[in-house]
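Below, each chain spelled out in residue letters.
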Amino acid sequence: MSNALAIFAKAPIAGQVKTRLCPPLTHTQAAELFRCFLLDTVERMCSLATVQVFLAISPADSEPLFRQLFRQTVPFPVRYLPQRGDSLGEREINMLADMLDAGFSRVVIIGSDIPTLPVAHIHEAFTRLEDPACDAVFGPSTDGGYYLVGACAVHRRLFENIAWSTPQVLEQTLEQARLHQLAVELVPSWYDVDTVEDLQRLLVDAGEKRDGLNDVPRTRELLRRFGLYAG
């Protein structure tokens, strides 16, 4: 298998994930919602027949917590790797390097707070990487960052001089590509669920089943339990 997909995931602990959704959610509800995001995302990504799915976990010692979470549902063929590095850029560089060193030819990284992400966007990212002229691929997010990065080699300069966690992340990344003459391609934009506004969009998308692979059953059921979704 030549394709590796790493899903970056923080341990779903109350008060440590999705805190910008509180209120209207409590910290416990936000952690429960994040767990549903993760399970729905992993289930759909494991439907990709030519892709090995990894969970890139943080903190590094949280693998038992994640394994327990996945034992509570249908087992998925995922592997676990700890994230390494202080900044997001360092963690992405190290994950790309780890996957490529493990023998994969094409590596794509996504987050775990994009539960309705169309699987077609992942397909497209790997397809773009089959072109030898493509150095890297990014999926723009609506907040100015990116929800996806993929490459066939580690281009460290793409991750330098970036103001992480700001609306300028993608703009600065593309500027780095221009400065260092790296060919970057983009797949369609999507959104992270970080804010109350994002949650409102999720409530709309949760009712849509575009191709059967974009369904989010756990997320939708939990939102219904919270009284936020009536579909």
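**Notes on the side chain of Asp40**
Step number 1: Among the secondary structure elements, Asp40 is positioned in helix 1 (residues 27-45).
Step number 2: Excluding anything up to four places from it in sequence, Asp40 contacts Val216, Pro217, Arg218 and Thr219.

**Side note on the layout of surface pockets**
Step number 1: For the largest pocket, the calculated volume is near 1,100 Å³.
Step number 2: What lines the largest pocket is a set of 37 residues, and nearest its centre among them are Leu88, Asp113, Ser165, Asp192 and Asp194.
Step number 3: Those elements that place two or more of their residues in the lining of the largest pocket are strand 1 (3-10), helix 3 (88-101), strand 4 (106-110) and strand 6 (146-151).
Step number 4: Considering every element that reaches the lining of the largest pocket, the biggest residue donor is strand 6, with four residues.
Step number 5: Residue composition of the lining of the largest pocket, grouped by class: 15 nonpolar, 12 polar and 10 charged.

**Looking at the sheet that holds strand 7 (residues 184-186)**
Step number 1: Read across the sheet, seven strands follow the order 3-2-1-4-6-5-7 without closing on themselves; strand pairing throughout is mixed. Edge positions in the sheet fall to strand 3 (78-82) and strand 7, since each has one partner strand and no second. The mean angle between the axes of side-by-side strands here comes to 25 degrees, regardless of whether they run parallel or antiparallel.
Step number 2: Here strand 2 (residues 51-58) runs beside strand 3; their pairing, made up of five bridges, is parallel. Note that in strand 3 the partner of Leu55 across the bridge is Tyr80.
Step number 3: Strand contacts of helix 1: strand 1, strand 2, strand 3 and strand 4, with the helix running at about 175 degrees to strand 1, the strand carrying the most contacts.

**Focus: the environment of Thr41**
Step number 1: Relative to the assigned elements, Thr41 resides in helix 1.
Step number 2: In this structure, the C-alpha to C-alpha distance between Thr41 and Ile110, residues 69 residues apart in sequence, is 10 Å.
Step number 3: The residues contacting Thr41, other than those within four sequence positions of it, are Ile7, Ile110, Ile114 and Pro115.

**Looking at the side chain of Asn94**
Step number 1: Residue position: Asn94 is located in helix 3.
Step number 2: Taking relative accessible area as the criterion, Asn94 reaches 18% and is therefore assigned buried.
Step number 3: A distance of 2.7 Å separates a polar atom in the side chain of Asn94 from the backbone oxygen of Arg84.
Step number 4: Leave out the neighbours within four places in its chain, and Asn94 touches Arg84 and Gly85.

**Quick word on empty space enclosed by the protein**
Step number 1: Taken as a whole and judged by the stated rule, the model has one cavity of 30 Å³ or more.
Step number 2: Forming the boundary of the largest cavity are Leu96, Ala136, Val149, Gly150, Ala151, Ala153, His155, Leu158 and Phe159.
Step number 3: If you tally residues by element for the lining of the largest cavity, the top one is strand 6, at three residues.
Step number 4: Grouping the amino acids of the lining of the largest cavity by side-chain chemistry returns seven nonpolar, two polar and no charged.

**Some thoughts on the nonpolar core**
Step number 1: Leu5 and Leu55 are the most contacted members of the largest nonpolar core, which totals 52 residues.
Step number 2: No other element matches the 10 residues that helix 1 contributes to this core.
Step number 3: Those residues in contact with Leu55 that lie beyond four places of it in its chain are Ile7, Ala9, Leu38, Val42, Phe66, Phe70, Arg79, Tyr80 and Leu81.

Criteria and thresholds
Chains are numbered independently. Their residues run from 1 in the order of the written sequence. This being a predicted model, a pLDDT of at least 70 is required before a residue's local features are given, and a value of 80 or more before pairs of side-chain atoms are given or counted; all residues contribute to the totals for chains, interfaces and linings. To get the side-chain values, all heavy atoms of the structure are used, and hydrogens and water are removed first. Secondary structure counts use DSSP, requiring at least four H or I residues in a row for a helix and at least two E residues in a row for a strand, with both numbered from the N terminus. Residue contacts are counted whenever heavy atoms from the two residues lie within 4.5 Å of one another. A pocket here means an open set of points on a 1 Å grid, computed over the protein atoms alone, that has protein on both sides within 12 Å along at least five of seven lines. A cavity is instead a set of points where a 1.4 Å probe fits but cannot get out; residues with an atom within 4 Å of a point line either one. Grid points are joined across faces, edges and corners, and a volume is the space filled by probe spheres set on the points. All amino acids are sorted into three groups, where Ala, Val, Leu, Ile, Met, Phe, Trp, Tyr, Cys and Pro are nonpolar, Asp, Glu, Lys and Arg are charged, and the leftover types, Gly among them, are polar. If DSSP finds at least two bridges between two strands, the strands pair. Between the N-to-C directions of two axes lies an angle of 0 to 180 degrees, each axis being a line fitted to C-alpha atoms and, for a helix, fitted only over the stretch in contact. Accessibility here uses a 1.4 Å probe with only protein chains present; expressed as a share of the type maximum, an area under 20% marks a residue as buried, one over 50% as exposed, and anything in between as partly exposed. Whenever a nitrogen or oxygen atom comes within 3.5 Å of another N or O atom, the pair is scored as a polar contact, on the condition that within protein one atom can donate a hydrogen and the other can accept it, and that pairs from neighbouring residues in sequence are kept only if both atoms are in side chains. Among buried residues, the Ala, Val, Leu, Ile, Met, Phe, Trp, Tyr and Cys ones that are joined through side-chain atoms within 4.5 Å form a nonpolar core.

Honestly, that's just the spatial picture; any functional story needs more than this.
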